[in-house]
Amino acid sequence: MIKVGILGYGGIARSHKGGYENLARRGAPVELVALCDIDPEQFTKLVEINLGGEEAGSKEYHTYTDLDEMLEKEDLDVIDICLPTYLHCEYAVKLLKMGYNVQSEKPMGLNEQQCEEMLAAAKESGKKLMIGMCLRFSSAYLAVKKLIDEGTYGKVLTGHFERISAMPRWGFQNWFRDYDRSGGVALDMHIHDVDMIRFMFGEPKAVCAVTDDSKMKCTTIHSTFIYDDKIFTAIGDWGAGGTFGFRSGCQLNFEQATVVLQGADVKVYPSQGEPYDLECEGVDFMAEESLYLARTILGEIENEKNKPEDAAGSVRLISKLMESAENGGRRVDL
């Protein structure tokens, strides 16, 4: 049984907790046993994020306001880091060096240097490190990737990705709204689509981007990804109205069809024949991500789907997009 403690019990940690509870119901060899947050009120209050609100529901878990105390009192295999972005590197490196496996929320770090420090700590310690690029476990995105890999409708020619939300109103000390601590919408939310483009199509040969900085630096980013034989655009947007909620998806134009992914649903519009819904087995991708890490720790599988080096590559590409944006949207060759 792989025993887990969550470090940082804000909004996204509730989704992680739900994933562990899903695994418990399935009898998986993963058990969440402890929660740690410097604010004891986090264990009892409702936290609302763009994916909705959830009560803490922490009564069955041991709760701590001090990390060292949790590590001393609990026999843990994995520390699941759900801290703000600017703390990911510091705590991942510390915990890896202490001999813990680490699952850390995205993005991996604020920049390439932090990612390299985390990779080096994982290599030196021999422990597992996995970053929460959770869409790599989404049945909807995997179903679309299968169409691409199998050439079901020919080659992909163009595509558009989007991830849109109101500006975050939650977060410790309002850290989301501080670009130096969050990286803006590019590093916090847009990175999911950047990662999916890389996951599905590999590395582009060039990128360019422009941003809107009306509410904070990088409130909205419009990105273009250039390949030898195709082009993609993507928008990450925190500029929506406060009651907007959340929307995400993509549209891919194949040679013989258009495929639209919206939320967890995929619709295929073939050049010939009637449109149809693509069957996607509904899965909790937070749960699948945590189970995947557990199976690598148990030695059942090798991590081929979500390597920390891949997560570092997505941070690197975000840095190239921001380089473009900060230079008037000029093309950056990779």
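Now for a look at the structure at hand. (Residues numbered from 1 in each chain as written. Predicted model: local features only at pLDDT ≥ 70, side-chain atom pairs only at ≥ 80, totals over all residues. Heavy atoms only, no water.)

**Quick word on the overall build of the chain**
Here comes step 1: On a plain count of helices and strands, the chain comes out with 9 helices and 17 strands.
Here comes step 2: At 20 Å, the chain has a C-alpha radius of gyration in line with the 20 Å of a compact globule built from 334 residues.
Here comes step 3: When the 334 residues of the chain are sorted by exposure, 55% land in the buried category.
Here comes step 4: Contacts in the chain between residues at least 24 apart in sequence constitute 71% of all its contacts with a sequence separation of at least 6.
Here comes step 5: Per element, the accessible surface of the chain, about 14600 Å² overall, is 46% carbon and sulfur. (Helix = DSSP H or I, 4+ residues; strand = E, 2+ residues; numbered from the N terminus. Rg over C-alpha atoms; globule rule 2.2 N^0.38 Å. Buried < 20%, exposed > 50% of the residue type's maximum accessible area, 1.4 Å probe, protein only. Contact = heavy atoms within 4.5 Å. Areas by Shrake-Rupley, 256 points an atom, 1.4 Å probe, with all protein chains shown as cover.)

**A look at the layout of surface pockets**
Here comes step 1: Volume-wise, the second largest pocket comes out at about 250 Å³.
Here comes step 2: Along the wall of the second largest pocket there are 15 residues; nearest its centre are Lys127, Lys128, Leu129, Asn303 and Pro308.
Here comes step 3: Those elements giving two or more residues to the lining of the second largest pocket turn out to be α4 (112-125), β8 (129-131), α8 (285-297) and α9 (308-325).
Here comes step 4: The class makeup of the residues in the lining of the second largest pocket is 7 nonpolar, 2 polar and 6 charged. (1 Å grid on protein atoms, 1.4 Å probe; cavity = no way out; pocket = protein on both sides within 12 Å on 5 of 7 lines; lining within 4 Å. Points joined across faces, edges and corners; volume = space filled by probe spheres on them. Nonpolar A, V, L, I, M, F, W, Y, C, P; charged D, E, K, R; others polar.)

**A closer look at the packing of helix α7 (residues 184-201) against α9**
Here comes step 1: Relative orientation of the contacting elements α7 and α9 amounts to 115 degrees, with a least axis distance of 9 Å. Classified by the interaxial angle, the pair formed by α7 and α9 is roughly perpendicular. Note on packing geometry: the crossing formed by α7 with α9 is right-handed. On α9, the residues touching Ala186, Leu187, His190, Ile191, Val194, Asp195 and Arg198 of α7 are Asp310, Gly313, Ser314, Val315, Leu317, Ile318, Leu321 and Met322.
Here comes step 2: The residue inventory of the contact of α7 with α9, partitioned by class, reads 9 nonpolar, 3 polar and 3 charged. (Axes fitted to C-alpha atoms, helices over the stretch in contact; angles between N-to-C directions. Parallel < 35°, antiparallel > 145°, perpendicular 65-115°, else oblique. Left-handed = near helix turned anticlockwise from the far one by under 90°.)

**What about the sheet that holds strand β10 (residues 206-212)?**
Here comes step 1: The strand order across the open sheet built from 9 strands is β16-β15-β14-β13-β9-β12-β11-β10-β17, with neighbouring strands paired in mixed fashion. Strands with a single pairing partner mark the edges of an open sheet, and in this sheet they are β16 (276-277) and β17 (332-333).
Here comes step 2: Across 8 bridges, the pairing between strand β9 (residues 156-166) and strand β12 (residues 231-240) is parallel. What sits directly across from Thr158, in β12, is Ile231.
Here comes step 3: Here α7 sits on the sheet in contact with β9, β11 (220-226), β12 and β13 (246-254), set at roughly 155 degrees to β12.
Here comes step 4: α9 rests against β10, β11 and β17 of the sheet, and its axis sits at about 65 degrees to β10. (Pairing = 2+ DSSP bridges.)

From the geometry alone we can't say anything about function, so treat these as descriptive.
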